[in-house]
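These are the residues of each chain, in order.
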Amino acid sequence: MMGAPVALCFLLRDGEGGREVLLGRKKRGFGRGKVVGLGGHLEAGETPAEAAARELDEEAGVALDAARLAPAGTVDFRFPARPEWDMECTMFTATVWTGEVAESEEIAPAWYPVDALPVTDMWQDADHWLPIVLTGAVADFRVEMAEDNESVARFVVLRHAEAD
């Protein structure tokens, strides 16, 4: 049984204190109140990169060229207590976009230092895989959540290729 296909894209920039990543606080829907990566479900006929580009436009008002997104790997999210929440997530990073990051009805985006992620405000699995992705590595992960749908029961690195 496959989870719903979703795509995330992490915008990266050089800030005053070092590398920064764009994350957003969910204002509604799944994960409301948590700081999450920007992205969402694939629509019919979309590639993961096209979905990521569309979602970044919808959620943060920035335009991305889907062909220029850097593949960052996948996360297979499993919620044994709520299998309808299972997700097959394809991840990308991007350092080039147009437009100014702006808040939407769904997300309040903000820049965070890559070396000081707001993990206490994120899903508990994020600190397992997000720091690896933000190094520029390409990696595939499997996350199995516990019965409470919050804590991580199992975390597996399926593939990890270091950045060049």
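Residues numbered from 1 in each chain as written. Predicted model: local features only at pLDDT ≥ 70, side-chain atom pairs only at ≥ 80, totals over all residues. Heavy atoms only, no water.

The protein chain goes by Oxidized purine nucleoside triphosphate hydrolase in an unreviewed UniProt entry, where it is assigned to Sinomonas puerhi. Listed under Cofactor (unreviewed entry) in UniProt, the entry text for the protein chain is "Mg(2+)". (UniProt positions renumbered as here; feature names shortened; annotations may be inferred.)

Now for the overall build of the protein chain. What the protein chain contains, in helices and strands, is 2 helices and 9 strands. For the protein chain, whose C-alpha radius of gyration is 15 Å, the value lies close to the compact-globule estimate of 15 Å for 164 residues. Taken along its principal axes, the extent of the C-alpha atoms in the protein chain is 40 × 35 × 30 Å. Counting across all 164 residues of the protein chain, residues that qualify as buried make up 45%. Taking all contacts inside the protein chain whose residues are at least 6 apart in sequence as the whole, residues at least 24 apart take part in 63%. When the accessible surface of the protein chain is split by element, carbon and sulfur atoms take 51% of a total near 8300 Å². (Helix = DSSP H or I, 4+ residues; strand = E, 2+ residues; numbered from the N terminus. Rg over C-alpha atoms; globule rule 2.2 N^0.38 Å. Buried < 20%, exposed > 50% of the residue type's maximum accessible area, 1.4 Å probe, protein only. Contact = heavy atoms within 4.5 Å. Areas by Shrake-Rupley, 256 points an atom, 1.4 Å probe, with all protein chains shown as cover.)

Here we take up the nonpolar core. Ranked by internal contacts, the top residues of the largest apolar core, which has 46 residues, are Cys-9, Phe-10, Leu-11, Leu-23, Met-91 and Trp-129. Ranked by residue count, the leading element in this core is strand β1 (residues 4–15), at 7 residues. (Core = buried A, V, L, I, M, F, W, Y, C linked by side-chain atoms within 4.5 Å.)

Right, let's talk about the pairing of β1 for a bit. Where β1 lies against strand β6 (residues 87–94), 8 bridges are found, and the strand directions are parallel. Residue pairing for β6: Leu-8 is matched across the bridge by Met-91. Where β1 meets strand β4 (residues 38–41), 4 bridges bridge the pair, whose relative direction is antiparallel. Paired with Ala-7 across the strands is Gly-40, a residue of β4. Strand direction decides the pairing type here: β1 and strand β2 (residues 18–26), joined by 4 bridges, are antiparallel. (Pairing = 2+ DSSP bridges.)

Bringing the environment of Leu-64 into the picture now. Among the structural elements, Leu-64 can be located in the loop between α1 (48–60) and β5 (70–78). Distance in space between the C-alpha atoms of Leu-64 and Gly-17 is 25 Å, their sequence separation being 47 residues. Ignoring sequence-local partners within four residues, the contact set of Leu-64 consists of Cys-9, Leu-11, Ala-52, Ala-53, Leu-56, Leu-69, Ala-94, Val-96 and Trp-97.

Mapped onto the secondary structure, Ala-126 falls in helix α2 (residues 126–133). In this structure the C-alpha to C-alpha distance between Ala-126 and Glu-59, which are 67 residues apart in sequence, comes to 20 Å.

This paragraph deals with the packing of aromatic side chains. Counted under the stated rule, the structure contains 9 aromatic pairs. Geometrically, the ring pair formed by Phe-79 and Trp-123 is edge-to-face, given 6.1 Å between the ring centres and 75° between the ring planes. In this pair, Phe-79 is assigned in the loop between β5 and β6 and Trp-123 in the loop between β7 (107–113) and α2, connecting sequence segments 44 residues apart. Each member of the pair Phe-79 and Trp-123 is classed as buried. Measuring from ring centre to ring centre gives 5.5 Å for Phe-141 and Phe-155, while their planes differ by 25°; the resulting arrangement is stacked. (Phe/Tyr/Trp six-rings, centres within 6.5 Å; stacked < 30°, edge-to-face > 60°.)

Let's shift gears to α2. Regarding α2, the residues found buried are Ala-126, Trp-129, Leu-130 and Val-133. One face of α2 carries all of its buried residues, which in axial projection span an arc of 100°. Its buried side turned inward, α2 meets β1, β2, β5, β6, β8 (138–145) and β9 (152–161). (Arc of directions from axis to C-beta.)

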